[in-house]
Amino acid sequence: STRTFQALRIAVNGELDNLKQTLEKSTGFLVPGGRIVVISYHSLEDRIVKQFFRDKSRSCSCPPELPECRCGGIKLFRLLTRKAIFSSDRETACNPRARSARLRAAEYTGEDMK
């Protein structure tokens, strides 16, 4: 019943859409060198954060078959965590709710989108 309630809460509150919007708006609040750190508590959230950081840390989004870049893409973030960071066994023993937490971080490069 816990997972069912969680799924209903996520859908009713629009939590995944809010997360996507918040991540997109985050660049407007960061100064060059500023860092964004996100803690997610389930795989749906983590996937959104992972894809956002991955997409925004690439300098080109053109298909690989193009001989040169046509998108004029700019690398907005530099990844600080290549993989998600999980809580230690010690932290989980002290705080059982931390067992599902995943942390990801990136640094804003200061380049604005065209």
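It should be noted that the structure appears before, not after, this text.
Residues numbered from 1 in each chain as written. Predicted model: local features only at pLDDT ≥ 70, side-chain atom pairs only at ≥ 80, totals over all residues. Heavy atoms only, no water.

Draft legend 1. Quick look at the overall build of the protein. A count of helices and strands for the protein gives four helices and four strands. In the protein, the succession of helices and strands from N to C terminus is α-α-β-α-β-β-α-β. In terms of C-alpha radius of gyration, the protein reaches 17 Å, well past the compact-globule figure of 13 Å for 114 residues. C-alpha extents for the protein along the principal axes are approximately 50 × 30 × 30 Å. For the protein, the residues scored as buried account for 28% of the 114 residues in total. Looking at the protein alone, contacts between residues at least 24 apart form 67% of all its contacts between residues at least 6 apart. (Helix = DSSP H or I, 4+ residues; strand = E, 2+ residues; numbered from the N terminus. Rg over C-alpha atoms; globule rule 2.2 N^0.38 Å. Buried < 20%, exposed > 50% of the residue type's maximum accessible area, 1.4 Å probe, protein only. Contact = heavy atoms within 4.5 Å.)

Draft legend 2. Representation of the packing of helix H2 (residues 15-26) against helix H3 (residues 43-56) within the structure. The contact between H2 and H3 brings their axes to 10 Å, and the two run at 25°. Taken together, the axis directions place H2 and H3 in an arrangement best described as roughly parallel. Handedness of the crossing formed by H2 with H3: right-handed. Judged by residue contacts, Glu15, Leu16, Leu19, Lys20, Leu23, Glu24 and Ser26 of H2 engage Leu44, Glu45, Ile48, Val49, Phe52 and Lys56 from H3. Split into classes, the residues belonging to the contact of H2 with H3 amount to seven nonpolar, one polar and five charged. (Axes fitted to C-alpha atoms, helices over the stretch in contact; angles between N-to-C directions. Parallel < 35°, antiparallel > 145°, perpendicular 65-115°, else oblique. Left-handed = near helix turned anticlockwise from the far one by under 90°. Nonpolar A, V, L, I, M, F, W, Y, C, P; charged D, E, K, R; others polar.)

Draft legend 3. How the structure looks around H3. The first and last C-alpha atoms of H3 sit 20 Å apart over 14 residues, in line with the 20 Å expected at 1.5 Å per residue. Listed in full, the buried residues belonging to H3 are Glu45, Asp46, Ile48, Val49, Phe52 and Phe53. When H3 is viewed along its axis, its buried side chains cluster within an angular range of 160° and face the same direction. Of the surrounding elements, those touching the buried residues of H3 are H2, strand S1 (35-40), strand S2 (77-79) and strand S4 (102-108). (Expected span 1.5 Å × (residues − 1). Arc of directions from axis to C-beta.)

Draft legend 4. Layout of the packing of helix H1 (residues 2-13) against H2. For the pair H1 and H2, interaxial distance at closest approach is 5 Å and the crossing angle is 55°. Put simply, H1 runs oblique to H2. Along its contact with H1, which presents Arg9, Ile10 and Asn13, the element H2 presents Glu15, Leu16 and Asn18. Grouping the constituent residues of the contact of H1 with H2 by class yields two nonpolar, two polar and two charged.

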